[in-house]
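# Close look at the chain arrangement
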Amino acid sequence: MKTTLIAAFGLLASGCLYAAEGADADLIKQGEYLARAGDCVACHTAKDGKSFAGGLPMETPIGILYSTNITPHSTGIGEYSYEDFERAVRQGIAKDGTTLYPAMPYPSYARVTDADMKAMYAYFMQGVEPVQQKNKASDIPWPLSMRWPLAIWRGLFAPEVKATEAAGTDTVIERGAYLVEGLGHCGACHTPRALTMQEKALSDADGDEFLSGSAPLEGWIAKSLRGDHKDGLGSWSEEQLVAFMKTGRSDTSAVFGGMSDVVVHSLQYLTDADLTAIARYLKSLPAVNDDDQPFKEDAKVATALWAGDDSKTGAALYVDSCAACHRTDGKGYQRVFPALAGNPVVQSEDATSLIHIVLDGATLPATHTAPSTFTMPPFAWRMTDQQVADVVSFIRTSWGNQAGSVSASQVAKLRSQPQPPLRPESLISDTTGVEEP
């Protein structure tokens, strides 16, 4: 009898231990998924560096910052308690009490739930390889490099931590809002900032500047994600948005610039349910421009080019260098070469992104569900500033596009600015990490 009881208790204990280990494994896996949703690896991994070990240079208006080591090593966050981790992520306060630069999007992370924070802490402490690598000092000149003003900035502009998800009538849209406004921190790039560098809105409730597009940074414009047809998402369907986030391409568009990292490292790993929630939430945001109208195609230019008439300024350059991929009607080829007719990036008030793509080219990265990679070559070596201005202006004023012309001086300014190199991991499919269930 005694032996039987001992054996029974042994089986019960081993079962409890197995359950606890299973729960821990599930928590770590959930934390990994959430870290993917937050795209932590993209900022905290340097070119040719180890994951999450930091050292990636990030351009800011006041100088160059270098991301920090967030692996569980003593040179990273290995000595952080959960309370230290939570204060850093949601409140912007490091373990030593100093305030983090708002390049760390803690104003967005303030709305991450307690449960999600604990899952991410479990992942970073138990699911990430420790890496010994000291953090690199910023290249910000004094006095801008002083940290104490950041505490004032945090007190003025960082929101109060909201540790619960909003309860609304549409649970799908509420989930999308939680991901977009919180872990996804989409506003960090897609919302304009004030002179004091805070985002002008942290949610749609703060006004229609939220996700209305940003100023140029590192040669790119983060486009509007609101409902405007001309330069936002008004012409996109929910299904097109989901496909774009999952594969980096849709029937009419293709990812480029910093958004390539977001798709490669983050969005392609999210479940279809979460991608649908994000898309539905974004589609719920109204247009900024009350007079916004859907794109209306104009066939005059396409007809002229088909007939051999390239007399319009920039037309001959377009036919010679662009039409083979994007076609003379500007409609491109679905999921391969993006359409230029009606493209919100083309019609953006600021032509920086389009000029940058023509000068330096672009690569459509591979993803798990769209493994092909397509590259547009750079034309900086074969086109003068005036020629680039002419072809960009042609694209922005043809097929029904309603955007302004650009000047050679605008091109020259962008050409003279050194551009950050493409990260090689942006050009290939990342085969590690969370798999969609």
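Small disclaimer: the values here were computed from a predicted structure and weren't measured.

Quick look at the confidence of the model for the protein now. Put simply, the protein has an average pLDDT of 87, and 89% of its residues get 70 or more. For the stretch residues 1-21, pLDDT sits under 50, and the model shows 0 contacts to residues farther than four places along the chain or on other chains. Here residues 421-437 scores under 50 on pLDDT; set against residues more than four positions off or in separate chains, the count is 45 contacts.

Attention shifts here to a nonpolar patch on the surface. Residues Trp148, Ile152 and Leu156 make up a contiguous nonpolar surface patch of about 370 Å² in total accessible area. Within the fold, Ile152 resides in helix H6 (residues 148-157).

Here the focus is the pairing of strand S2 (residues 63-66). Here strand S1 (residues 57-60) runs beside S2; their pairing, made up of 4 bridges, is antiparallel. Bridge pairing in S2 places Pro57 opposite Tyr66. Between S1 and S2, which follow one another and run antiparallel, lie 2 residues.

With that settled, consider the environment of Gly248. Tracing the backbone shows Gly248 in the loop between helix H9 (238-247) and helix H10 (258-265). Its relative accessible area of 1% is what places Gly248 among the buried residues. Linking Gly248 and Arg335, residues 87 residues apart in sequence, is a C-alpha distance of 8.9 Å. In this structure Gly248 touches Ala243, Ala254, Val255, Val263 and Leu364, once residues within four positions along its chain are discounted.

Below, the discussion takes up the side chain of His190. Considering the arrangement of structural elements, one finds His190 in helix H8 (residues 187-190). Non-local contacts of His190, meaning those with residues more than four positions away in its chain, are made with Leu211, Ser212, Gly213, Ser214, Ala222, Lys223, Leu225 and Met259.

In terms of nonpolar packing, the biggest core is built from 57 residues, with Phe52, Phe85, Phe124, Ile278 and Leu282 touching the most fellow members. Residue assignment for this core shows that the elements contributing at least two residues are helix H1 (2-37), helix H2 (40-43), helix H3 (82-91), helix H4 (106-109), helix H5 (114-126), helix H7 (171-183), H9 and helix H11 (272-283). Element by element, the count of residues in this core is highest for H5, at 8 residues. If we ignore the near neighbours within four places in the chain, the residues touching Phe85 are Ile77, Tyr80, Met117, Met120, Tyr121 and Phe124. The next biggest cluster of nonpolar side chains, apart from the first, holds 27 residues, and it includes Leu305, Ala323, Val388 and Phe394.

Moving on: the state of the cysteines. Applying the stated rule across the entire model yields 0 disulfides. Unpaired in this structure, Cys186 has its nearest cysteine sulfur neighbour in Cys189, at a distance of 8.8 Å. Lacking any disulfide linkage, Cys322 is separated from the closest cysteine sulfur, that of Cys325, by 8.7 Å.

So, about the packing of H9 against H11. Helix packing geometry: the angle between the two helix axes and the distance between the axes. Interhelical geometry of H9 versus H11 gives an angle of 125° and a closest axis separation of 9 Å. Relative to H11, H9 is oriented oblique. In the packing of H9 onto H11, the handedness of the crossing is right-handed. Counted together, Glu238, Leu241, Val242, Met245 and Lys246 of H9 and Asp272, Leu275, Thr276, Ile278, Ala279, Arg280 and Lys283 of H11 form the full contact between these two elements. Of the residues in the contact of H9 with H11, the class split is 6 nonpolar, 1 polar and 5 charged.

Calculation criteria
Residue indices begin from 1 for each chain and proceed along its sequence in written order. Totals for whole chains, interfaces and linings use every residue, but because this is a predicted model, local features are given only for residues with pLDDT of at least 70 and side-chain atom pairs only at 80 or more, for both listing and counting. Hydrogens and water molecules were not included; the side-chain quantities draw on all heavy atoms of the structure. Confidence scores here are pLDDT values: one per residue, from the predictor, ranging 0 to 100. Pairs of residues are marked as contacts when any of their non-hydrogen atoms sit within 4.5 Å. In this analysis, a patch consists of residues with relative accessible area above 30% that form no salt bridge, clustered at 9 Å for like charges and at 5 Å for the nonpolar side chains Val, Leu, Ile, Met, Phe, Trp and Tyr. Here the open area of atoms and residues is found with the Shrake-Rupley method and a 1.4 Å probe, where only the protein chains shown may cover a residue. Here, a salt bridge means any side-chain nitrogen of Lys or Arg that lies within 4 Å of a carboxyl oxygen of Asp or Glu. The helix and strand labels rest on DSSP assignments: H or I over at least four residues marks a helix, E over at least two residues marks a strand, and numbering proceeds from the N terminus. Here the rule is simple: two strands pair whenever DSSP picks up at least two bridges between them. Only protein chains enter the accessibility calculation, which uses a 1.4 Å probe; a residue whose area is less than 20% of its type maximum is buried, one above 50% is exposed, and one in between is partly exposed. Note on terminology: a nonpolar core comprises buried Ala, Val, Leu, Ile, Met, Phe, Trp, Tyr and Cys residues joined through side-chain atoms within 4.5 Å. What counts as a disulfide here is a pair of cysteine sulfur atoms lying within 2.5 Å. Interaxial angles span 0 to 180 degrees and are taken between N-to-C directions of axes, which are lines fitted to C-alpha atoms, for helices over the stretch in contact. In this scheme, roughly parallel covers angles under 35 degrees and roughly antiparallel covers those over 145, while 65 to 115 is roughly perpendicular and the rest are oblique. In this scheme, a crossing is called left-handed if the near helix is turned counterclockwise away from the far one by less than a right angle; it is called right-handed if the turn is clockwise. All amino acids are sorted into three groups, where Ala, Val, Leu, Ile, Met, Phe, Trp, Tyr, Cys and Pro are nonpolar, Asp, Glu, Lys and Arg are charged, and the leftover types, Gly among them, are polar.

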